Each structure stands twice: as C-alpha cells, then as structure tokens.
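Breakdown of the fold
The primary structure of each chain is shown beneath.
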Amino acid sequence: MDRINETHFLFADIMDDSIYIVNTSSGNRTWEWDAEGKYPKSSGGTYGEDWTHLNDVEMVNKTTFMASLRNHDRVVFINRQNGVLRNWTLGEEDNYSILYEQHNPDFIPASKGGPAILVADSENGRVIEYQRKNGNWQESWRWHDTRMQWPRDADRLPNGHTLIADTNGDRLLEVNQQGEIVWSIDYPGPYDVERLSAPAESSAGPSASSVGLTSRTPTSLNKGLAVANYHVKSVVPSLILNATLYALPPWASPVSGMAILTQSLLLVLWIILESGNYIIGIRL
C-alpha cells in the first residue's frame, strides 16, 4: 500500500491480481487496473490461484505507478490513462538473469540520479539496481555475499547506504557505499525494513551510478560452513531451497536444510517400502 494523500491510498491486491486507489472518506475505489487480459493466462503462476503474485506497488508520480509482478519476473509501470508502459518494463518471464521472483522494488527518481530501480532479487539471492539509460534498463549495482538467501527488501538511504532485509539469511544489515557491511543483526525471517529517520523506502536515496556505489559478490570464501552453504546454493534449485528454509526453524542453514529434507524424504520412502512389504506379507 502507498499513501497518495490524506484520503486516497494505492493498494496492491495479490489475490485479485490488481492495483487500485481507494478514497477512504467514501470507501469507494476511484481507479483500478487489473492484470487479467494484459498477460496470457498460461504465464506466471496458476491462473485463478496465485497467478501474478502482485506483491508491491509504488507511486512514481500522480499518473504513473510501479508494480511488482513476482510470478512474471517483471517490474511494470502503469499509467492511469494508457495502462502498462511496455517500453519501461524491467524483466521478462523466466529470464532469471534479470529478475527471479523479486520483492519490493523501489523507484529512484531523476532528481536523485535516476530513473533507477533498486530491487530485492529474491530467488537470485541478491540485491540489484538497474539504471534507465538510452531508453533501456542497464544493471548498475549488485550486492550479495555467501550468507544472503532470499532477500525481500532493500532501501537506499540518503547517505548512499543500502538497508536490507535478508529473509532466509535471518538478518537485517546495512551496506555502505564501498559495499562493506557496517552493521548487521540476526533476526528470524524479516520481510521488510525501514529507517524511521529517513523518508519512505528509497525516495531520498541516490542512485548507484550517481554516487559510484561499489558492487559486491562472493569472490572469496571463508573456510568451513560458508563454503558448504555456497556450494549447496549453487547446486540446489533456489525455489526448492528457499521453500525448505522458509518452513524450517531460523537456525537451519542451506546445508542443514538440505540434510533435513533428504532425511525426511528417505524416511518417507522407507515407510512406503515397509508398508508395501507389510501388505504383501498379509496377502501371502
């Protein structure tokens, strides 16, 4: 939800695959956009159940809104009069090199070095930023380390730092302009994080290209569990790994999560085989 003014609010409705404006004085919807008819029903998730998983909406200006269609791997811009601005869409379905089931994209305006989009690229296990340049979106910054697992929110702070909610990494952290972690706190499964002293989301934060933020990737690994976790994440499909970690206690790492899942599957298989042998024994 995004606040437009004292009486009007902008909503993203996951179940209805739509965004709409509500006048809270009257309770009436004054404008609505529905994804149905705009994209093939065979795209995204299961149509009629969790089709688009429209998980975020943000007001870019009075006439244009930005929405996250998670199951379509897209961030779209919607004009109140003209609908989807196709040439502004970031990402395309199943092209995971751009986005993979993202959460909470933030728009950085031209006044702060944009247009740019800072987004938690969840299934890719990274935070990434794209800059609008020559009519296209170009990657301008990315950040992840060996621990990052399914981030779901990232805010650019006014000082150029980035505040991140690392959901399956079970932590909140702040990264400075050089890509270094300046503080981190363990916290189970955070979804969203805000700096109370800063304007909402990334509205007052500079774009990565305007201040020359340093990207970070796991170029070197620590010994021990970090190496094992990194290799598990590189082999196991992210959807399976993240679903497993989401269901397990916060202490579960990628290695322990896969060990628990494997043991559970073996136990189920053993029960099935033993049950079959028992039934065959009775029949004989």
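Provided above is the structure to which this section pertains.
Let me begin by describing the structure that accompanies this report.

Rules behind the numbers
Residues numbered from 1 in each chain as written. Predicted model: local features only at pLDDT ≥ 70, side-chain atom pairs only at ≥ 80, totals over all residues. Heavy atoms only, no water. Helix = DSSP H or I, 4+ residues; strand = E, 2+ residues; numbered from the N terminus. Buried < 20%, exposed > 50% of the residue type's maximum accessible area, 1.4 Å probe, protein only. Contact = heavy atoms within 4.5 Å. Areas by Shrake-Rupley, 256 points an atom, 1.4 Å probe, with all protein chains shown as cover. Salt bridge = Lys/Arg side-chain N within 4 Å of Asp/Glu carboxyl O. Pairing = 2+ DSSP bridges. Axes fitted to C-alpha atoms, helices over the stretch in contact; angles between N-to-C directions. Patch = residues over 30% accessible without salt bridge, like charges linked within 9 Å, V, L, I, M, F, W, Y side chains within 5 Å. Phe/Tyr/Trp six-rings, centres within 6.5 Å; stacked < 30°, edge-to-face > 60°. Lys NZ or Arg CZ within 6 Å of the ring centre and 35° of its normal.

1. A word on the overall build of the chain
- Helix and strand counts for the chain come out as 4 helices and 16 strands.
- Here the chain, with 284 residues, has 47% of them falling under the buried criterion.
- Relative to all contacts within the chain whose residues are 6 or more apart in sequence, the contacts with residues 24 or more apart total 44%.
- Entry remark: accessible area of the chain is about 14300 Å², with carbon and sulfur atoms responsible for 54%.

2. Comments concerning the pattern of salt bridges
- The full count for this structure, using the stated rule, is 11 salt bridges.
- With its nearest N and O atoms 3.9 Å apart, the salt bridge here joins R70 to E101. Here the residue R70 occupies a position in the loop between β6 (64-69) and β7 (74-79), and E101 occupies one in the loop between β8 (83-84) and β9 (103-108), the gap between them amounting to 31 residues.
- The class of R70 is buried, set by a relative accessible area of 13%.
- Note that R126 is salt-bridged to D121, the shortest N-O span being 2.6 Å.
- Residue class for R126 comes out buried when judged on its relative accessible area of 7%.

3. Observations regarding the sheet that holds strand β14 (residues 162-166)
- Spatially, 4 strands are ordered β13-β14-β15-β16 in an open sheet, and the strand pairing comes out antiparallel. Because the sheet does not close on itself, it has two edges, and the strands there are β13 (151-156) and β16 (181-186). Each adjacent strand pair in this sheet contributes to an overall mean axis angle of 15 degrees, direction not counted.
- As defined by bridge partners, β13 adjoins β14 across 5 bridges and the pair is classed as antiparallel. If you follow P151 over to β14, its bridge partner there is D166.

4. A word on a nonpolar patch on the surface
- Together, V182, W183 and I185 make up an exposed nonpolar region whose accessible area comes to about 250 Å².
- The residue V182 is located in strand β16 in this model.
- Given a relative accessible area of 42%, V182 falls into the partly exposed group.

5. Regarding the packing of aromatic side chains
- Under the criterion given, the structure shown has 8 aromatic pairs.
- Here the aromatic rings of F77 and F107 are separated by 5.9 Å at their centres, their planes lie at 75 degrees, and the arrangement is edge-to-face. In this pair, F77 is assigned in strand β7 and F107 in strand β9, connecting sequence segments 30 residues apart.
- Judged by its relative accessible area of 2%, F77 falls in the buried class.
- Aromatic side chains Y96 and Y100 sit 3.6 Å apart centroid to centroid with 15 degrees between the ring planes, which places their arrangement in the stacked category.
- Using a relative accessible area of 34% as the deciding quantity, one classes Y96 as partly exposed.
- One residue, R29, lies across the ring of Y20, its end atom 3.6 Å from the ring centre.
- Sitting over the face of the ring of W88, R132 holds its NZ or CZ atom 4.3 Å from the ring centroid.

In short, the description is geometric, and any link to function would need to be established separately.
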